[in-house]
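Structural overview
Okay, here's what each chain looks like letter by letter:
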Amino acid sequence: MMRAEQLFKTFNPGTPLENPVLRGLSLNIETGQFVTVIGSNGAGKSTLLNAVSGDITPDRGRLFIGEQDVTLMPAWRRAGMVARVFQDPLAGTCEGLSIEENLALALQRGQSRGFQRAVKNKQRQLFRDKLATLELGLENRLGDHMGLLSGGQRQAVSLLMASLQPSRLLLLDEHTAALDPKTAAFVLALTDRIVAEQQLTVLMVTHSMRQALDHGHRTVMLHQGRVVLDVSGEQRAKMQVTDLLAMFEKTRGEKLDDDGLLLS
Ligand SMILES: Nc1ncnc2c1ncn2[C@@H]1O[C@H](COP(=O)(O)OP(=O)(O)O)[C@@H](O)[C@H]1O
Ligand SMILES: [Mg+2]
């Protein structure tokens, strides 16, 4: 479904700020697989997601979504294949537009306009039904501006927008990190539900090792722009946070500081 082959990316090359962030990162994700991604700050997690969404172009390496080589494809052309929810609840939606308009934009990605006009009324019902599943009462607030919603409500709508088109690759970049614990738990549970219902393929970056092990099918750890750990199946099911830490330390032959790695 998604295949990254030997991705390299250096920011500000040839300057004192030169920063080699991706250093030969390879990752192969099957359709329907839910992969959690961990790693300390600066490990290249967001840069990987940016490469997949097309927001950055790797210096070297290839990236495939499905059978298609998308390495050089601009982000807007990938919009039908990739959906994304950011850490900042303000980042994923247009606050000046209504809930309905935001959902319509999400549905429109990768489709023709004529088709959209024809299904306007059906669309509204679809949006109501989808919003009702959030159990936040938003189905009665289609015309409200996104800016009126709380962070948790926005992330919930962002997830809904991301799941409006089937067989997409969903990229979640610490999408619950800015929320209070209760709201974060709600959004995470919602994530699990939507992913299962829509059978989405997912890359979820999280700061929490606990979350990484509790959600999805597989956990990869990035370090210095490469995958240094990749666990799934029985091995992962039996794994505790302390095991994950120990494996990482062993792999790298170095002591891991807690920077960016919460043990909760
Ligand atoms: N567009 C960019 N231009 C310059 N530097 C960037 C850019 N994006 C990320 N970086 C830098 O790359 C490093 C790794 O970033 P990132 O992939 O965001 O790490 P992570 O998400 O794992 O914490 C950071 O030092 C960050 O400042
Ligand atoms: Mg990041």
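Residues numbered from 1 in each chain as written. Chains lettered and ligands numbered in written order. Predicted model: local features only at pLDDT ≥ 70, side-chain atom pairs only at ≥ 80, totals over all residues. Heavy atoms only, no water.

**Description of the packing of aromatic side chains**
Going through the model one piece at a time under the given rule, you end up with zero aromatic pairs. Directly above the aromatic system of Phe 64 lies the positively charged group of Arg 3, at a separation of 4.2 Å from the ring centroid. Positioned over the ring face of Phe 8 is Arg 60, at 4.1 Å from the centre of the ring. (Phe/Tyr/Trp six-rings, centres within 6.5 Å; stacked < 30°, edge-to-face > 60°. Lys NZ or Arg CZ within 6 Å of the ring centre and 35° of its normal.)

**A closer look at the packing of helix α3 (residues 99–108) against helix α6 (residues 151–162)**
Helix packing geometry: the angle between the two helix axes and the distance between the axes. Between α3 and α6, the shortest axis-to-axis distance is 9 Å and the interhelical angle comes to 30°. With respect to each other, α3 and α6 are oriented roughly parallel. Remark: the crossing between α3 and α6 carries right-handed chirality. Facing α3, whose interface residues are Asn 102, Leu 103 and Ala 106, α6 presents Val 157, Leu 160 and Met 161. Looking at the contact of α3 with α6 residue by residue, the class counts come to five nonpolar, one polar and no charged. (Axes fitted to C-alpha atoms, helices over the stretch in contact; angles between N-to-C directions. Helix = DSSP H or I, 4+ residues; strand = E, 2+ residues; numbered from the N terminus. Parallel < 35°, antiparallel > 145°, perpendicular 65-115°, else oblique. Left-handed = near helix turned anticlockwise from the far one by under 90°. Contact = heavy atoms within 4.5 Å. Nonpolar A, V, L, I, M, F, W, Y, C, P; charged D, E, K, R; others polar.)

**Here's the deal with the site of ligand 1**
Lining the immediate environment of ligand 1, one finds Phe 11, Asn 19, Val 21, Ser 40, Asn 41, Gly 42, Ala 43, Gly 44, Lys 45, Ser 46 and Thr 47. Asn 19 places a side-chain nitrogen or oxygen 3.2 Å from an oxygen atom of ligand 1. Protein chains shield 61% of the accessible area of ligand 1, which is 560 Å² for the free molecule. Where the shell around ligand 1 is concerned, the elements lending two or more residues are β2 (19–29) and α1 (45–53). In terms of residues, the shell around ligand 1 owes the most to one element, α1, which gives three residues. (Near = heavy atom within 4 Å. Polar contact = N/O pair within 3.5 Å; in protein donor to acceptor, adjacent residues only side chain to side chain. Areas by Shrake-Rupley, 256 points an atom, 1.4 Å probe, with all protein chains shown as cover.)

**Some remarks on the environment of Ser 232**
Structurally, Ser 232 can be placed in strand β10 (residues 226–232). For Ser 232 and Glu 100, which are 132 residues apart along the polypeptide, the C-alpha to C-alpha distance reads 38 Å. With near-sequence residues (within four places) excluded, Ser 232 lies in contact with His 217 and Arg 218.

**Digging into the pairing of strand β6 (residues 82–85)**
The side chains of a regular strand alternate between the sheet's two faces. Here β6 shows two buried faces, one formed by Val 82 and Arg 84 and the other by Ala 83 and Val 85. The pairing of β6 with strand β7 (residues 169–173) spans four bridges and is parallel. Looking at β7, one finds that Val 82 is bridged to Leu 169. (Buried < 20%, exposed > 50% of the residue type's maximum accessible area, 1.4 Å probe, protein only. Pairing = 2+ DSSP bridges.)

**Some points on the nonpolar core**
If you look at the biggest cluster of nonpolar residues, it comprises 34 residues, and the most contacted ones within it are Leu 103, Leu 131, Val 157, Leu 159, Leu 170 and Val 202. Mapped by element, the contributors of at least two residues to this core are β6, α3, α5 (120–132), α6, β7, α7 (181–198) and β8 (201–205). Not counting residues up to four positions away in its chain, the partners in contact with Leu 131 are Ile 99, Leu 103, Leu 138, Glu 139, Leu 142, Val 157 and Leu 160. Of all hydrophobic cores here, the second largest spans 28 residues; its members include Val 21, Ile 29, Ala 43 and Ala 51. (Core = buried A, V, L, I, M, F, W, Y, C linked by side-chain atoms within 4.5 Å.)

**Some points on the confidence of the model for the protein**
It should be kept in mind that the predicted coordinates are not to be read in detail where pLDDT is low. The pLDDT averaged across the protein works out to 89; a share of 91% of its residues lies at or above 70. Within the protein, the lowest mean pLDDT, 56, falls on helix α4 (residues 113–118), and the highest, 98, falls on strand β1 (residues 2–11). Below a pLDDT of 50 lies the segment residues 255–264, which in the model reaches 22 contacts outside its immediate sequence neighbourhood of four places, other chains included. (pLDDT = per-residue confidence, 0-100.)

**Examining the sheet that holds β2**
Strand order in the open sheet formed by four strands is β2-β1-β4-β5, with antiparallel pairing between adjacent strands. Two strands bound the open sheet, and with one partner strand each, they are β2 and β5 (68–69). Both β1 and β2 contribute to a ladder of eight bridges, which runs antiparallel. Pairing of Phe 8 across the sheet is with Arg 23, part of β2.

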